[in-house]
Amino acid sequence: MKKFITFGLASVIGASGLFIPFTHEANAQNFEQKKQELDSKQSEVNKNLQKKKEELSKLEAKQEALAQKLKDIDEKALKTSDQIEEKQKENEKTKKEIKALKKEIADTEKRIEERNEFLKKRVRALQESGGSTKYIDVLLGAKSFSDFISRAGAVSTLINADSEIIKEQEKDKAELQKSENELNTKLENVQNTLAKLETLQSDLNKQLDEKDKLFKQVKKQKGSAFSEISELNSEANSIASEKDATIAAQKQAEKEAREAAQKAKEEKAQRQQQQRQASVQAEDNSSNNDSSPSSSNSGSSNDNNNSNSSSPSKKPSSGGGSPVSSNVGGIEGAISTGSTIVGQSPYKWGGGRSQADIDARRFDCSSFVRWAFASAGINLGPVGGTTTDTLVGKGRAVSASDMKRGDLVFFDTYKVNGHVGIYLGNGSFLNDNSSRGVSVDSMNNVYWKKAFNGVVRRVVE
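S.K.: Quick question: what am I supposed to make of the overall build of the protein here?
M.R.: Summing up its helical and strand segments, the protein has 10 helices and six strands in all. For the protein, buried positions account for 32% of its 461 residues.

S.K.: Would you mind showing me how to read the confidence of the model for the protein here?
M.R.: Predicted coordinates in areas of low pLDDT are best not read in detail. Confidence in the prediction of the protein, expressed as mean pLDDT, is 78, and 75% of residues score 70 or more. The least confident element of the protein is helix H1 (residues 7-10), whose mean pLDDT is 42; the most confident is strand S2 (residues 408-411), at 98. Counted against residues more than four places away or in other chains, residues 1-22, with its pLDDT under 50, gives 27 contacts. Confidence drops under a pLDDT of 50 for residues 290-321, and excluding neighbours within four residues, the segment shows four contacts in the predicted structure.

S.K.: For this particular structure, what's the right way to read the packing of aromatic side chains?
M.R.: Two aromatic rings, taken as a pair, are described by how far apart their centres are and by the angle between their planes. Under the criterion given, the structure shown has nine aromatic pairs. Pairing Phe-368 with Trp-371 gives two aromatic rings, centres 6.2 Å apart and planes at 35°, and the pair type is tilted. One end of the pair, Phe-368, and the other, Trp-371, are both in helix H8 (residues 365-374), three residues apart, so they sit about a helical turn from each other. For the residue pair Phe-368 and Trp-371, the accessibility class agrees, reading buried in each case. An aromatic cluster is defined as three or more aromatic residues linked by ring pairs; in this entry it consists of Phe-411, Phe-429, Tyr-447, Trp-448 and Phe-452. The aromatic ring of Trp-349 is capped on one face by Lys-71, whose charged end is 4.6 Å from the ring centroid.

S.K.: Help me understand the pairing of strand S5 (residues 437-442) in this model?
M.R.: On any regular strand, side chains alternate: one points to one face of the sheet, the next to the other face. The sheet contact formed by strand S4 (residues 428-433) and S5 spans six bridges and is antiparallel. In the strand pairing of S5, Phe-429 is matched with Asp-441. Hairpin connection from S4 to S5: three residues lie between these consecutive antiparallel strands.

S.K.: Sorry, what's going on with the sheet that holds S2 here?
M.R.: Consider a sheet: its strands pair through backbone hydrogen bonds, and that pairing is either parallel or antiparallel. Strand order in the open sheet made by the six strands is S1-S6-S2-S3-S4-S5, with antiparallel pairing throughout. At either margin of the open sheet sits one strand with a lone partner, and together these are strand S1 (396-398) and S5. Taking the axes of each pair of neighbouring strands and ignoring which way they run, one obtains an average angle of 35° across the sheet. Where S1 and strand S6 (residues 452-458) come together, three bridges link them in antiparallel fashion. Paired with Val-398 across the bridge in S6 is Val-456. Here H8 sits on the sheet in contact with S2, strand S3 (419-425), S4 and S5, set at roughly 45° to S3.

S.K.: Just to check I follow, could you spell out the nonpolar core for this structure?
M.R.: It is characteristic of soluble globular proteins that their nonpolar side chains tend to be buried jointly. Residues Met-403, Val-409, Phe-411, Met-443 and Phe-452 are the most contacted members of the largest nonpolar core, which totals 32 residues. Sorting the residues of this core by element identifies helix H2 (21-128), helix H5 (163-287), S2, helix H10 (446-451) and S6 as the ones contributing at least two each. A per-element tally of this core places H2 first, with 10 residues. Look past the residues within four positions of Met-443 in its chain and what remains in contact with it is Met-403, Val-409, Phe-411, Tyr-423, Gly-427, Phe-429, Trp-448, Lys-449 and Phe-452. Judged by nonpolar contacts, the second largest core, of 25 residues, contains Ile-331, Phe-368, Trp-371 and Leu-430.

S.K.: Help me out: how do you make sense of the side chain of Arg-458 in this one?
M.R.: For Arg-458, the location among the structural elements is in strand S6. Within the local environment of Arg-458, its side chain forms a polar contact with the backbone oxygen of Asp-402, the two atoms lying 2.9 Å apart. Within polar-contact distance, the side chain of Arg-458 engages the side chain of Asp-407 at 2.9 Å.

S.K.: How do you make sense of the side chain of Gln-63 when you look at a structure like this?
M.R.: Tracing the sequence through the fold places Gln-63 in helix H2. Ignoring anything within four residues of it in the chain, the contact list for Gln-63 reads Phe-215, Val-218, Lys-219 and Lys-222.

S.K.: Sorry, what's going on with the pattern of salt bridges here?
M.R.: Tallied over the entire structure, the rule returns 15 salt bridges. The shortest N-O distance in the salt bridge between Glu-55 and Lys-52 comes to 3.1 Å. Placement of the pair is Glu-55 and Lys-52 together in helix H2, with a separation of three residues, close to one helical turn. The exposure class of Glu-55 is partly exposed, given its relative accessible area of 33%. On the basis of relative accessibility, which here comes to 18%, the residue Lys-52 falls in the buried class. The closest approach of N and O atoms between Asp-364 and Arg-353, which form a salt bridge, is 2.8 Å. One end of the pair, Asp-364, is in the loop between helix H7 (355-359) and H8; the other, Arg-353, is in the loop between helix H6 (328-339) and H7, and 11 residues separate them in sequence. Under the relative-accessibility criterion, Arg-353 is labelled partly exposed at 23%. Connected through shared salt-bridge partners, Lys-52, Glu-55 and Glu-228 make up one network.

Calculation rules
- Residues numbered from 1 in each chain as written.
- Predicted model: local features only at pLDDT ≥ 70, side-chain atom pairs only at ≥ 80, totals over all residues.
- Heavy atoms only, no water.
- Helix = DSSP H or I, 4+ residues; strand = E, 2+ residues; numbered from the N terminus.
- Buried < 20%, exposed > 50% of the residue type's maximum accessible area, 1.4 Å probe, protein only.
- pLDDT = per-residue confidence, 0-100.
- Contact = heavy atoms within 4.5 Å.
- Phe/Tyr/Trp six-rings, centres within 6.5 Å; stacked < 30°, edge-to-face > 60°.
- Lys NZ or Arg CZ within 6 Å of the ring centre and 35° of its normal.
- Pairing = 2+ DSSP bridges.
- Axes fitted to C-alpha atoms, helices over the stretch in contact; angles between N-to-C directions.
- Core = buried A, V, L, I, M, F, W, Y, C linked by side-chain atoms within 4.5 Å.
- Polar contact = N/O pair within 3.5 Å; in protein donor to acceptor, adjacent residues only side chain to side chain.
- Salt bridge = Lys/Arg side-chain N within 4 Å of Asp/Glu carboxyl O.

Right, here's the structure in full:
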């Protein structure tokens, strides 16, 4: 019978078939050395992994702080934009008032001139009726309008019937001068305030750009940290697998060594038994030459083979887009419902995601859009999980030049696609913003015009 000895067993079985403990000890030392090397390597990887996780945690905190800062600046920019719009209207109104006042001044000056002519006629009539020529000389010798009024005042002391006319002229002149001064002051204040607001908005836009750059930089650093952590995790898993394989190989080698030693011991005992039997047989043959006993030995060996196999199966993942709803009436239903709370629903960051908030009509931009469409039977997502990030994946994309009533319009505010509203047509949209709550705003507003980058989604055909 042929006997096959594996390479692993050859290291622990000598030429004589006896177990050699020194070889096994050498293998054990090799295994221990290998495990120590792997433990050291694993420890180093774990340190680097922990360091990267701490770095990632700091980056996430920094990103969150930047996001909050961007949101605050964005809200301030929106409010400033509304104030600019109001001041522009006030500026135009004041200009119209000044224009109307100038017309009124012209009319009043005309009345004053007519009164002057009347006074001149009165004085001439006085002269012709026998009055002193000194009065007409006084009046006609006036060098200016103010001088004329002053001279007429002197004459009026003698002509009681004309005293009221003089008073009216002085009063009209004073009131017109006062009104003109007030309007000019108001216009100057409005224009100064408008200039300050425009400067503030410019500064806020710069801050938004700077913070946005930082936000993107931190996001990129986070991505790098995630990649490094992933690589370190892979390395850690590889080391752990190698370590497990080393331990398994060590146990297998020890098992094979024990089995080889046991087998060598059994074979030695068998040979000794055969030698004893041969010796006894030889003695029997020498004492009984006429007998030829025979003996036969048979051995049996049992081999057990166990095999296990498994074939894990995975269910194929299925994914789908977000189909466009065929519910034209739903557009008007959503707009009608949303419009009922214009000016009556204060903005709440993260609002609209509980029944209490919905009942109190407290929403943010995305939850407001979800609620308006849901009220018209159109599901744009779950109550607690609908955001601008999920809404921008709904329906299908359309170009800004083709957008129509009921489309969702997105704006890059404190982040890309950070704000959403429902387009109404004619350049206006219905939305819930931090400045005015639920309102109808113009996309030509300086703030919204800058924030709109042409992202439009059609969720209802």
